[in-house]
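# Analysis of the macromolecular model
Read off the chains here:
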Amino acid sequence: LDRDVLSWRAANGLDAELADQLYAVRGCIEPEACRIAAVSANDVQLQQILALFGAIAAQDGDLVSHVAADVAFHLAIFAATGNPFFITLGNAICTALELAFRQSQGRRRMSDGELVLHGEVAREIARRRPTSAGRAMERLLAMSRQALVE
């Protein structure tokens, strides 16, 4: 997951093989991170996740800041687990997340469905509903993966 290697490999866009590999890893860890965050996060972390969703929802047309907010949202969920292994995994896939988000959002803005699901993830974590938070992330990942091929 070296940043330079990933950047080089994705220089002409994230190919289907690399996207499949990224989403296989994300599917294994992000829903569980949401479930843990819903139980373990402190109030400050919950507010940060909600605020980052607000930044994503703003959709001001600036791709760089929008991608940064989206990546920060996902990293905040990892941080909210309080688990150093999840935090490290989040940091490890950060570059791949940036590449995937830049590619999908560079072609079109985030879909309304993806935006709604980001909000659902944030709210379910904040409501401390681990099962529904994990399920919302599973749906978000499926929709997000589809956006890469459209």
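You'll find the structure just up there.
What counts and how
- Residues numbered from 1 in each chain as written.
- Predicted model: local features only at pLDDT ≥ 70, side-chain atom pairs only at ≥ 80, totals over all residues.
- Heavy atoms only, no water.
- Helix = DSSP H or I, 4+ residues; strand = E, 2+ residues; numbered from the N terminus.
- Buried < 20%, exposed > 50% of the residue type's maximum accessible area, 1.4 Å probe, protein only.
- Salt bridge = Lys/Arg side-chain N within 4 Å of Asp/Glu carboxyl O.
- Contact = heavy atoms within 4.5 Å.
- Axes fitted to C-alpha atoms, helices over the stretch in contact; angles between N-to-C directions.
- Parallel < 35°, antiparallel > 145°, perpendicular 65-115°, else oblique.
- Left-handed = near helix turned anticlockwise from the far one by under 90°.
- Nonpolar A, V, L, I, M, F, W, Y, C, P; charged D, E, K, R; others polar.
- Expected span 1.5 Å × (residues − 1).
- Arc of directions from axis to C-beta.
- Polar contact = N/O pair within 3.5 Å; in protein donor to acceptor, adjacent residues only side chain to side chain.
- Core = buried A, V, L, I, M, F, W, Y, C linked by side-chain atoms within 4.5 Å.

Once that is clear, we can look at the environment of Ser 65. In this fold, Ser 65 is placed in helix α4 (residues 63-80). Note on Ser 65: relative accessible area 31%, which makes it partly exposed.

This paragraph deals with the pattern of salt bridges. Applying the stated criterion to the full structure yields eight salt bridges. With a closest N to O distance of 2.3 Å, Arg 139 and Glu 120 form a salt bridge. In this pair, Arg 139 sits in helix α8 (residues 130-149) while Glu 120 sits in helix α7 (residues 112-126), placing the two residues 19 residues apart along the sequence. The class for Glu 120 is partly exposed, based on a relative accessible area of 23%. Linking Arg 129 and Glu 124 is a salt bridge whose minimum nitrogen-to-oxygen distance equals 3.6 Å. Through salt bridges that share partners, Glu 32, Arg 35 and Glu 138 make up one connected network.

Right, let's get into the environment of Gly 134. Of note, Gly 134 is situated in helix α8. Note on Gly 134: relative accessible area 0%, which makes it buried. Sequence separation between Gly 134 and Ala 38 is 96 residues; the distance between their C-alpha atoms is 9.1 Å. Excluding its chain neighbours within four sequence positions, the residues that come into contact with Gly 134 are Pro 31, Cys 34 and Arg 35.

A few words on the packing of helix α3 (residues 43-58) against α4. Packed helices, taken two at a time, are described by the angle their axes make and the gap between the axes. Between α3 and α4, whose axes approach to 9 Å, the crossing angle comes to 160 degrees. Judged by the angle between their axes, α3 and α4 are roughly antiparallel. α3 and α4 meet at a crossing whose hand is left-handed. Between α3 and α4, the contacting residues are Gln 45, Gln 48, Ile 49, Leu 52, Phe 53, Ala 55 and Ile 56 on the first element and His 66, Ala 69, Asp 70, Ala 72, Phe 73, Ala 76, Ile 77, Ala 79 and Ala 80 on the second. A class-by-class count of the residues in the contact of α3 with α4 yields 12 nonpolar, three polar and one charged.

Between its terminal C-alpha atoms α3 stretches 23 Å, which fits the 22 Å expected from 16 residues at 1.5 Å a residue. Residues of α3 that are buried: Gln 45, Leu 46, Ile 49, Leu 52, Phe 53 and Ile 56. Summarising the axial view, the buried residues of α3 lie within an arc of 125 degrees, below the 170-degree limit, and thus occupy one face. Residues Asp 43, Val 44, Gln 47, Ala 51 and Ala 58 are exposed on α3 and point more than 90 degrees away from its buried face. In this fold, the buried residues of α3 make contact with α2 (16-40), α4 and α7. With a side-chain oxygen positioned 3.0 Å from the backbone nitrogen of Val 44, the residue opening α3 is Asn 42. Two residues or fewer past α3, Gln 59 is found with a positive phi of approximately 40 degrees.

Counting 40 residues, the largest nonpolar core has Cys 34, Ile 49, Phe 73, Ile 77, Val 121, Ile 125 and Met 137 as the members making the most contacts within it. Of all the secondary-structure elements, those providing two or more residues to this core are α2, α3, α4, α6 (94-107), α7 and α8. No other element matches the eight residues that α4 contributes to this core. In this structure Cys 34 touches Ile 77, Val 121, Ile 125, Ala 133, Gly 134 and Met 137, once residues within four positions along its chain are discounted.

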